[in-house]
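# Results of the structural survey
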Amino acid sequence: MKKTTPKEKYPLASVYGLFERPLERLIGKWRKPLLEKAHGEVLEVGVGTGSNIPHYPDGVHITGIDFSRKMLSKAKKRFSHLSSVDLLLMDAEKLEFADDSFDTVVVSFVFCSVENPVNGFREIKRVCKDNGRIFLLEHVRSKKPVLGPLMDFFNPLVAGLFKDHINRNTLTTLEKAGFHPDTIRSENLWLDVVKRIEIVNVS
Ligand SMILES: C[S@@+](CC[C@H](N)C(=O)[O-])C[C@H]1O[C@@H](n2cnc3c(N)ncnc32)[C@H](O)[C@@H]1O
């Protein structure tokens with residue numbers, strides 16, 4: 001019987017190598033500060049090629065998941081020799097972990113492409129321990145009068161081509177997924193588009 005190759009789920013995976021370096025020059029500086037309070041058992045959702053991994057503090061154990069075989073295989077080439085890192089093929093919307101499994105959850109530039117972000121955030125809330133910390137870097141829709149509508153205008157094109165939604169209201173989505181607004185702290189890193197978000201997971 002003919003073997004079929006599973007469909008690659010991240011359309012940018014094949015060309016990611018081309019823009020990874022220039023992208024890293026722009027966003028790399030935000031990684032270490034994002035991760036400095038990570039502790040204990042860490043889940044990284046959408047680990048990609050593993051660009052956050054060198055920036056974690058010592059002593060953490062990282063479980064990185066991604067639904068892209070290509071992205072994950074690059075991460076495995078770089079980091080699977082480390083006993084403190086496990087890399088698994090998994091969908092953020094269907095995390096195969098028990099409730100309250102992780103002290104820290106980390107996500108960077110992933111929820112623009114998760115198909116149903118409310119489901120993904122509900123899963124993160126479920127697997128993160130009570131009082132655990134969730135650290136996110138995400139680009140979101142701007143609230144500025146020209147930029148916001150421009151992002152709405154171009155979103156169908158960008159989402160259609162790359163499965164990357166440039167007009168998501170991620171802070172509202174977090175509340176829809178059950179995170180109380182008082183537990184969410186957000187800071188603008190670039191305009192009001194790139195945000196660093198920190199959440200305390202209280203039930
Ligand atoms: C722009 S890359 C970011 C990779 C990495 N987090 C970083 O900061 O370099 C987005 C990653 O999210 C992954 N991703 C998107 N939706 C996902 C989902 N539903 N489940 C798991 N991974 C997902 C993609 O496969 C891709 O590797």
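First things first, this report covers the structure right here in the doc.

Reading guide: rules and limits
Residues numbered from 1 in each chain as written. Predicted model: local features only at pLDDT ≥ 70, side-chain atom pairs only at ≥ 80, totals over all residues. Helix = DSSP H or I, 4+ residues; strand = E, 2+ residues; numbered from the N terminus. Buried ≥ 20, exposed ≤ 12 C-beta atoms within 10 Å, placed from the backbone. Contact = placed C-beta atoms within 7 Å. Near = placed C-beta within 6 Å. Nonpolar A, V, L, I, M, F, W, Y, C, P; charged D, E, K, R; others polar. Core = buried A, V, L, I, M, F, W, Y, C linked by C-beta atoms within 7 Å. Pairing = 2+ DSSP bridges. Axes fitted to C-alpha atoms, helices over the stretch in contact; angles between N-to-C directions.

## What about the overall build of the protein?
From N to C terminus, the protein includes 6 helices and 7 strands. Considering only C-alpha atoms, the protein reaches an extent of 50 × 45 × 35 Å along its principal axes. Of all 203 residues assigned to the protein, the portion counted as buried reaches 33%. If you take every contact in the protein between residues at least 6 apart in sequence, the share linking residues at least 24 apart comes to 62%.

## Some points on the site of the ligand
The environment of the ligand is formed by 19 residues, the closest being Tyr 10, Gly 46, Gly 48, Ser 68 and Ala 92. Along the lines of polarity and charge, the residues of the shell around the ligand split into 9 nonpolar, 7 polar and 3 charged.

## Some points on the nonpolar core
Formed by 39 residues in total, the largest nonpolar core has its most connected members in Val 45 and Val 105. Top contributing element to this core by residue count: strand S5 (residues 128-139), with 5 residues. Those residues in contact with Val 45, other than ones at most four positions away along the chain, are Ile 65, Ala 92, Val 105, Val 107, Val 110 and Ile 124.

## Comments concerning the environment of Pro 11
Its location among the elements puts Pro 11 in the segment before helix H1 (16-27). Residues Pro 11 and Asp 164 lie 153 residues apart in sequence; the distance between their C-alpha atoms is 9.3 Å. Here Pro 11 is in contact with Phe 162 and Lys 163, once residues within four sequence places are set aside.

## What to know about helix H4 (residues 117-127)
What sets the pattern is the α-helix's 3.6 residues per turn: residues three or four places apart point alike. Those residues of H4 lying buried are Pro 117, Gly 120, Phe 121, Glu 123, Ile 124, Lys 125 and Val 127. Against the buried residues of H4 lie strand S1 (41-45), strand S4 (102-108), S5, helix H6 (170-176) and strand S7 (194-201).

## A look at the sheet that holds strand S6 (residues 184-190)
Strand order in the open sheet made by the 7 strands is S3-S2-S1-S4-S5-S7-S6, with mixed pairing throughout. Across the chains shown, the open sheet's two edge strands, defined by having one partner strand only, are strand S3 (85-89) and S6. Across the sheet, the mean angle from the axis of one strand to that of its neighbour is 15°, orientation sign disregarded. Note: S6 against S7, 6 bridges, orientation antiparallel. Across the sheet, the residue bridging to Arg 185 is Glu 198, located in S7. In the packing of helix H3 (residues 69-79) onto the sheet, the strands contacted are strand S2 (61-66) and S3, and the crossing angle to S3 comes to about 160°. Packing against the sheet, H4 makes contact with S1, S4, S5 and S7, and its axis sits at approximately 145° to S5.

## With respect to the pairing of S2
Judged by how many residues are buried, S2 sits mostly within the fold: 5 of 6 residues are covered. The sheet contact formed by S1 and S2 spans 5 bridges and is parallel. Note on S2: the bridge partner recorded for Val 42 is Ile 62. When S2 meets S3, the two strands line up parallel, connected through 5 bridges. Note that in S3 the partner of Asp 66 across the bridge is Leu 89.

## Some points on the pairing of S7
Pairing geometry for S5 and S7, over 8 bridges, is antiparallel. Directly across from Glu 138, in S7, lies its bridge partner Lys 195. Between S6 and S7, which pair antiparallel and follow one another directly, the connecting turn spans 3 residues, one of which, Leu 191, has a positive phi of 50°.

Taken by themselves, the reported measurements are silent on function.
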